[in-house]
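Results of the structural survey
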Amino acid sequence: MEFKIEYKKRFREALRIRMVEQKIIELYPLDKIQSPVHLSIGQEAVAVGLCSQMRLDDWLFINYRGHAFYLAKGGPMPELFAELYGKRTGLSKGKAGSMHLAAPNQGVMGASAVVGSTISHAVGAALASKIRGEDRVFVAVFGDGATEQGAYHEALNFASLHSLPVLFLCENNGLAVHASLLERQAFSLTRHAEAYGVEAKTLNEGFDFMRVSEICSDLLEQVRFKKRPMFLEIKTCRYMEHVGPGEDFDAGYRDIAEVRAWKDKDPLCLDDTLLSEFSLEISKEIDAAVLFAENSPYPGIEDLLTDVI
Amino acid sequence: MSDIKMKYREALSVAMSEAMEDPKTLLIGQGVTDFKGIWGTTTGLAQKYPNRVIETPLSEDGVAGICIGASLNGMYPINTHIRADFGLLIFNQLINLAAKYRYMFGGLFEVPLMFRMVIGRSWGQGAQHSQSLQSLLGHIPGLVVLMPSNPQSIVQSYRYARSHHKGPVVMFEHRLMYELEFEGKIDFESVDPLSSRIERLGTDLTIVATSVMVLEAVRASDYLNRFGIHVEIIDLHSISHPDHNLIFNSVKKTGRLLVVDTSWIPYGVAAEMSRIIAEKDPSVLKQPVRSLGMQPAPCPTAKSLEDLYYPDVSDIVGASASLVTGQHSHGIPLPVKQAMTDFYKHFKGPF
C-alpha cells in the first residue's frame, strides 16, 4: 500500500515534468521562448527519484539540462515559465533563462552551461558545512560528458581527501551532444571514482523512479552519516536532440531502436491509467503557469545593470 | 596607521590575521600551511585555525570552484596563487562562474570571495612566473580587480573588500615589493578603498601608475623635481573601477598624461586611461598621451634581456621630460639605467 502511494506520487511528479517540457515543445515555434532549451524528456525519473529523498536544506548543483531537477526539488512552475519567456517575474528576472535555473529557497543552486563547472561548487559548499558541523548533504548532478573534465577529477579528489558530504550523481545518457561514450572515454566511471576512494554504485534502470528513490535514499543517508562522498551512476536515455525541441534520429549518430527499447520500459509511456488520472489537473497547472508568464512584464533598462557587482 | 613603518609583506600578514579572526574566513591555496607561508603572509595561521586554513592539491580550477561553493554556503574564501600565472588555471571558474553568479541568476546569489595573485618580476622569473594579467580581468564585468601599491592600501582595501563587498575580488600583489618597507603618509580615511587615489600632487604632468610602478613614478618624480618639473601621480589601485573624474581632472589640470603599467600596453591600462580622456574631452591634452609597459613579447629569463624588457626610472624620466618640454631632445640628463631589483636590493631568487 505504502509502495503504491509513493509510486503514484513519483509518477505524478515525473509526468508533471514531462508535460512541462511537452508544453515547451508546443510553445517553441511561437518564438516566445527565445533561448536554447535542453530537454530532460526520458530522464525525469532520475530527478524525481533523487529529489524525493533530499531534505530541503540539502543543496543540489545542476547544469543546463535543468528543468527536471528544478521542478523535482520544488522550484515554482509559474516562475519557471516566466524565466523561459524572459520575463521579469522569472526567479532570475529573465537574466538566466533555461540554462541557468536556480531556486535557492528550495536548495536548487545555480546551473551552469559550461559542462562540469558546478561540481566543485557542491564540494565547496560541503566543506563550509563540515566546518560548521552540520549534517547536510550536497549533490552534484552532471552528465557522462562532465566526467571527462579535469574539474570533475579535482572535485572527487578533494571531496574524498577531506571526507566531505557530497553525492556525485552522474546521469549517464551515453551522449555528449552527438558523441557516444565509446568515442570519448578510456575509463570506467565507477572504477575511476573508486580510485579516489569514493564508493561507487551503478543503477541501470534509470527509467524506474522507485529504484532511483531507493538507491538515492540509501546513498544520501550514507553520505550524511558516514560523512564521506559517494558516486552514483544512473543509466538514462535522452529521447530528444541535445538542444532544441525536436528529435534527431535522422542525423544518424544514434539508433532509434535504443530509445524505443527504453520507452518500452518507461512508466510514463506505459501506465495509461495513471496518465489519465493526472493529466487533466497537471494541464491546468501548466496552463496557469504559462498564462502567468504571458501576462508578466519584460525586464527593462532599469534591470539591465542591476546585480553586476 | 600613518607614520608607521611597515613592509608590504607585513601588511599582507596583518590583513590575513585580521581576516582569520572572522569565523567565516577560509584561507585556501597551495602553500598556505607550509613553513614559507606565502612569503610569511600566512605563517602561523594554520596552527591557530586548523579547520579554516587549508592546503590544496595542485587543482587550481577545482579549488576556485570549491571557493565559490563555500562562499555560496556562507564562508569568505581567500584563495592564494603564488604566481598570477597559475591563476590562469582558474579563469573558467573566475570568469564564467564567479563574475557572473550574481547577475546571471538575477541577484539570487552572492559570492563574496578573494583571489590573491602574486606577480613575479626579475631574477629570472621568465615567461610563466612574471605575468601581470590585470587587464584581462579588468575587462570582465562582475569582478573587482585591485593592485595595491603599499601597505596602507593593503590593510585598508583587504579589510574593506572582505567586510563590505559582496562579490569576487582579485588582488594583484607584486612580489618585488614584499620586502620593501614603507612609511605611512596618505590620509586613508578619505580614500575610497576600491578606487584610485592621488599619490602626489603636481602641476606639469599626470602619471597614472599601477602597483610597483607607483614607486618608480615617485622616484622619477623626485628626480624631475630637481629640474623644475612637478609630476602629479595617480595610484590607479583599481583596475576594474578607476576613478574617472579623478583621472580626468588631473589631466585637465596638467594637460599631459603618461601611463606607466606593470603589463603589456595594447588593450591594457594605458588604452583604458586614454579612452577615459578621449571620451570625456581630449582637448584638455596639450601633448599626445604616452605609455610605458612591458615590451611586446613574453618575458625573457636572461638578466640582460629582462633589464631591457621592463621600463625603469630612466624611461619614466625620459618620457615625462619630453612630454613636459614638448620636445624629444629635452636637454634633461637621464638617470643611469638601473634594474629595479638592483636598486631595491631586496629581491633575490629563487622564489
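Use the structure listed above.
Quick summary incoming for the structure in this document. (Residues numbered from 1 in each chain as written. Chains lettered and ligands numbered in written order. Predicted model: local features only at pLDDT ≥ 70, side-chain atom pairs only at ≥ 80, totals over all residues.)

With that settled, the discussion passes to the overall build of chain B. Of the regular secondary structure elements, chain B holds 15 helices and 13 strands. Against the globule reference of 20 Å for 351 residues, chain B gives a C-alpha radius of gyration of 20 Å, in line with a compact fold. With the principal axes as the frame, chain B shows a C-alpha extent of 60 × 45 × 40 Å. Buried residues in chain B amount to 56% of all 351 residues. (Helix = DSSP H or I, 4+ residues; strand = E, 2+ residues; numbered from the N terminus. Rg over C-alpha atoms; globule rule 2.2 N^0.38 Å. Buried ≥ 20, exposed ≤ 12 C-beta atoms within 10 Å, placed from the backbone.)

Residues and elements named next belong to chain A. Read from one edge of the open sheet, six strands run β2-β1-β3-β4-β8-β7, paired in parallel fashion. Of all the strands in the sheet, the pair left with one neighbour each is β2 (108-112) and β7 (199-203). Ignoring which end each strand starts from, the neighbouring axes of this sheet average 15 degrees apart. Sheet topology places strand β3 (residues 138-143) next to strand β4 (residues 166-172); six bridges connect them, and they run parallel. Bridged to Val139 within β4 is Leu167. Strand contacts of helix α8 (residues 209-226): β4, β7 and β8 (230-235), with the helix running at about 170 degrees to β8, the strand carrying the most contacts. (Pairing = 2+ DSSP bridges. Axes fitted to C-alpha atoms, helices over the stretch in contact; angles between N-to-C directions. Contact = placed C-beta atoms within 7 Å.)

Residues and elements named next belong to chain B. Taken in spatial order, the six strands of this open sheet run β3-β2-β4-β5-β7-β6, and their pairing is parallel. Across the chains shown, the open sheet's two edge strands, defined by having one partner strand only, are β3 (53-55) and β6 (144-146). With direction set aside, neighbouring strand axes in the sheet form an average angle of 20 degrees. Relative to β3, strand β2 (residues 25-29) is paired through three bridges, and the arrangement is parallel. Opposite Gly29, over in β3, you have Glu55 as the bridge partner.

Residues and elements named next belong to chain A. For helix α2 (residues 44-52), the buried fraction is high: eight of the nine residues fall into the buried class. Buried residues of α2: Glu44, Ala45, Val46, Ala47, Val48, Gly49, Leu50 and Cys51, and no others. Against α1 (2-27), α3 (67-72), β3, β4, α8 and β8 lie the buried residues of α2.

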